[in-house]
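One letter stands for each residue in the lines below.
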Amino acid sequence: MQIITLDTGAREVLIDITPRVAEVVAASQVKAGLCHLWCYHTTAALTINENADPDVKTDLLMALERIVGYDWPYQHAEDNSPAHVKSSLLGCQLTIPVNGGKLELGRWQGIIFAEFDGPRQGRRVSVSIINSGG
Amino acid sequence: MQIITLDTGAREVLIDITPRVAEVVAASQVKAGLCHLWCYHTTAALTINENADPDVKTDLLMALERIVGYDWPYQHAEDNSPAHVKSSLLGCQLTIPVNGGKLELGRWQGIIFAEFDGPRQGRRVSVSIINSGG
Amino acid sequence: MQIITLDTGAREVLIDITPRVAEVVAASQVKAGLCHLWCYHTTAALTINENADPDVKTDLLMALERIVGYDWPYQHAEDNSPAHVKSSLLGCQLTIPVNGGKLELGRWQGIIFAEFDGPRQGRRVSVSIINSGG
């Protein structure tokens, strides 16, 4: 298991971590199997979406802002309940196929770390590689 | 890793792919482990829900249409931003137990490929089987 | 594969099952790998969120109630369509790293079984441990 650490520069930001995960997969020398990612935080998430046009990330944040209201009657005192809700909606884990020694992503897919309660230093994602021996 | 290919016949449609995944599991001859599914597209998704009453699928699409507005101020030019958002809400991956050589699904559970930007030809889902040796 | 069984005491309730999953991981004696959880039901879900302040759970249920309307024109006759939608939004599966013989959770993370159509007896979650040999 390897840990990727990242700093986030805004309250809400989507960061493409595909190259950093790809490095861990390459270093593992596993040819076929699964790559599992885990986000250790309850106000952040992991998701897959388009990494070609940056407007897709902008639209995803805007849509989540409309889906999860900021002015709802939350009881949690830290003023970050919408971030907790968004974390559960997107999820904090991903499992991605490894094929031919590489992440098996679709043409437009990137791995996105979603910060919903930043800026923060030292956000962490673990990467575990399972060798299927295939 | 095996690839399931499917064509989708409408802009939004939910397709039960359980039988096709079950075929791959049977052919693998793995008795116990995990079956991992990956959708290669950022305007489609994979989810588990009831496959008995087709109204559940209809209701799920209707609800997502209300949750993710079509008239919001999206910036992505392809006019399919709601599809990208829905893809992240449901997710593009599933891991399902394999037990006794079969998919370990609940009584009402089916594996659903969710098309949000169709109709499309050649949508792809990969199936990877991990043998736990159990 | 082990099965965790639980009864839910309300129509909607979030139950922390972390200690019960931790027991299964400990009994497996696996030091490094993955712990996979599967919920067998289409009106319940599994999610990760904060288990320190119980208000976070209250806020998550309240937010989901606002995100998925009860008075929308659902067709499914059992009057539980919002529960089906919430199940797909949060998802019915989780894969969590195992490291040093323990669940590798963040400081505030707990494993939550989400009931959306209770009260029910005998809700089931399977736990599968994959040994990565690491």
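Please read all numbers here as calculations on a predicted model, not as lab measurements. (Residues numbered from 1 in each chain as written. Chains lettered and ligands numbered in written order. Predicted model: local features only at pLDDT ≥ 70, side-chain atom pairs only at ≥ 80, totals over all residues. Heavy atoms only, no water.)

## What to know about the relation of the copies chain A and chain C
Once chain A is rotated about the relating axis by 120° and shifted along it by 0.0 Å, it coincides with chain C to within an RMSD of 0.0 Å. Viewed as a symmetry operation, the transformation between the two copies matches a three-fold axis. Take the interface residues of chain A: only 19% of them recur as interface residues in chain C, which is what a contact between different surfaces looks like. (Least-squares fit on C-alpha atoms with pLDDT ≥ 70 in both. Contact = heavy atoms within 4.5 Å.)

## Some details on the sheet that holds strand β7 (residues 109–115) of chain B
Residues and elements named next belong to chain B. Within the open sheet, the three strands sit side by side as β2-β7-β4. Their pairing is antiparallel. Both outer strands of the open sheet, β2 (13–16) and β4 (44–50), are each paired with one neighbouring strand and no more. In this sheet, adjacent strand axes meet at a mean angle of 35° when their direction is disregarded. Where β2 and β7 come together, four bridges link them in antiparallel fashion. When the bridges of β7 are listed, V13 appears paired with E115. Each of β4 and β7 is contacted by helix α3 (residues 81–90), which is oriented at about 50° to β4, the strand it contacts most. (Pairing = 2+ DSSP bridges. Helix = DSSP H or I, 4+ residues; strand = E, 2+ residues; numbered from the N terminus. Axes fitted to C-alpha atoms, helices over the stretch in contact; angles between N-to-C directions.)

## Observations regarding the environment of B:R20
Residue and element names in this part refer to chain B. Note on placement: R20 falls in helix α1 (residues 18–28). In this structure, the C-alpha to C-alpha distance between R20 and I4, residues 16 residues apart in sequence, is 7.4 Å. Setting aside residues no more than four positions away along its own chain, R20 makes contact with I4, T5 and L6. There is a polar contact of 2.9 Å between the side chain of R20 and the backbone oxygen of T5. (Polar contact = N/O pair within 3.5 Å; in protein donor to acceptor, adjacent residues only side chain to side chain.)

## Some thoughts on the interface of chain B and chain A
Taken residue by residue, the interface counts 26 residues in chain B and 31 residues in chain A. A buried area of about 2,400 Å², summed over both sides, lies between chain B and chain A, and 63% of it is on carbon and sulfur atoms. Considering only the surface of chain B that becomes buried against chain A, B:W38, B:W72 and B:S88 emerge as the three largest contributors, covering 23% of it. Our enumeration of links across chain B and chain A arrives at zero salt bridges. The interface formed by chain B and chain A includes 14 residue pairs in polar contact (both at pLDDT 80 or more). Secondary-structure elements contributing two or more residues to the side of chain B that touches chain A are β3 (33–39), α3, β5 (93–99) and β8 (120–131) of chain B. (Buried area = accessible area lost by both parts, 1.4 Å probe. Salt bridge = Lys/Arg side-chain N within 4 Å of Asp/Glu carboxyl O.)

## What to know about the relation of the copies chain B and chain A
With an RMSD of 0.0 Å, the operation that places chain B on chain A is a rotation of 120° combined with a shift of 0.0 Å along the axis. Here only 19% of the interface residues in chain B have copies in chain A that are interface residues too; the copies meet through unlike faces.

Coordinates in, geometry out; function isn't part of it.
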